[in-house]
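Descriptive analysis of the structure
In case you want the letters, here they are:
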Amino acid sequence: MKKNLVAALVLCCLIFSGCGGSKKTELTILAAASLTDVCAQLKAEYEKENPDVKLLFSFGGSGALQAQIEAGAPCDLFISAATKQMKALTDKNLMEEGSVKNLLENKVVLIIPKNSSLKISTFYDLTLPQVKMIAVGEPASVPAGQYTKAICEKLGSWEIVSKKANYASDVRTVLSWVEEAACNCGIVYATDAAVSQKIRVAAQAPQGSCPPVIYPVGIVKASRRKAAARKFEDFLFSKRVSEIYSNAGFKLAF
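Below, the structure is looked at part by part. (Residues numbered from 1 in each chain as written. Predicted model: local features only at pLDDT ≥ 70, side-chain atom pairs only at ≥ 80, totals over all residues. Heavy atoms only, no water.)

This part is about the overall build of the protein chain. When you go through the protein chain residue by residue, the secondary structure sums to ten helices and eleven strands. Expressed along its principal axes, the backbone C-alpha trace of the protein chain runs to roughly 90 × 40 × 35 Å. By the burial criterion, 47% of the 254 residues in the protein chain qualify as buried. If you take every contact in the protein chain between residues at least 6 apart in sequence, the share linking residues at least 24 apart comes to 77%. Accessible surface, the protein chain as shown: approximately 12900 Å² in total, 55% of it carbon and sulfur. In the protein chain, 31 positive and 23 negative side-chain charges are present, and the distance between their average locations comes to 3 Å. (Helix = DSSP H or I, 4+ residues; strand = E, 2+ residues; numbered from the N terminus. Buried < 20%, exposed > 50% of the residue type's maximum accessible area, 1.4 Å probe, protein only. Contact = heavy atoms within 4.5 Å. Areas by Shrake-Rupley, 256 points an atom, 1.4 Å probe, with all protein chains shown as cover. Lys, Arg positive; Asp, Glu negative; His and termini not counted. Charge placed at Lys NZ, Arg CZ, Asp CG, Glu CD.)

Below, the structure is given as structure tokens:
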């Protein structure tokens, strides 16, 4: 009886040991909120090709994600909506040397609710008295807000626009406020506007009014899964996923 019990216990140990051996590698990726939809497609494609890997995405304003990495939050890769946040992390030696590369490019657009009667067609119109509240990403931490400020400063309208601004923690919150008509209008990326049926694009940012909207990616130096992270980063630059980017409205930056 005892021999049978011991044999059963050994068999259970072997079974559980085998299960443990097949545990998936988990990669944590901090990504700009404007990448939410495209990353869902990348996740599905990559996990289909690599069933032993599980991708865990966390989305937010790039500045807030930068702060998380600086605070030591466990993660493997970072995809920012601007080069500013990535440079700050690189300067602090928090990104793996040689891993930071420009991945995508976007455009900044002015949006209004689909059924709005507001007649605006340029960024200059943000100073008009009928524009009461503008949804804007927080310039201190949200790249879309930083681009908005740069555009308005270039046009000489930031002093007026900033007084009408309702600041959001990320660009998708800006989008939702305009969708709900909680604000008269808002500034988002062209790819954000493309995923919503509840808004319409009133204008694109004037040429040269802000720096190019570049999305860099890099491996976090503290990552404990660098080999898996490098493999996923290589996937992001592969030809087979370029169609995913273009269908979402992004341009390649490499």
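Having seen it, we continue.
What follows is about empty space enclosed by the protein. One pass over the full model with this rule turns up two cavities of 30 Å³ or more. In this model, the largest cavity occupies a volume close to 50 Å³. In terms of lining residues, the largest cavity is bounded by Ala32, Ala33, Ser34, Gly60, Gly61, Ser62, Ala81, Val142, Pro143, Asp170, Val171 and Tyr189. In terms of residue class, the lining of the largest cavity is built from seven nonpolar, four polar and one charged. In this structure, the second largest cavity occupies an estimated 40 Å³ of space. (1 Å grid on protein atoms, 1.4 Å probe; cavity = no way out; pocket = protein on both sides within 12 Å on 5 of 7 lines; lining within 4 Å. Points joined across faces, edges and corners; volume = space filled by probe spheres on them. Nonpolar A, V, L, I, M, F, W, Y, C, P; charged D, E, K, R; others polar.)

If you walk through the whole model with that rule in mind, you get nine aromatic pairs. Note on Tyr147 and Tyr189: the rings are 6.3 Å apart at their centroids and 70° apart in plane angle, and the pair reads as edge-to-face. A residue pair is termed long-range when its members are at least 10 positions apart, and Tyr147 in helix α5 (residues 143–155) and Tyr189 in strand β8 (residues 185–189) qualify at 42 residues. The two residues Tyr147 and Tyr189 agree in class, both being buried. Pairwise contacts between aromatic rings join Tyr46, Phe57, Phe59, Phe232 and Phe235 into one cluster. Just above the ring of Phe237 sits the side chain of Lys101; from NZ or CZ to the centre is 5.4 Å. (Phe/Tyr/Trp six-rings, centres within 6.5 Å; stacked < 30°, edge-to-face > 60°. Lys NZ or Arg CZ within 6 Å of the ring centre and 35° of its normal.)

So, on to the pattern of salt bridges. Within the structure shown, the criterion is met by ten salt bridges. One salt bridge in this structure joins Lys226 and Glu96, with 3.9 Å as the shortest N-O distance. Placement of Lys226 in helix α9 (residues 226–236) and of Glu96 in the loop between α4 (83–91) and β4 (101–106) is noted, with a sequence separation of 130 residues between them. (Salt bridge = Lys/Arg side-chain N within 4 Å of Asp/Glu carboxyl O.)

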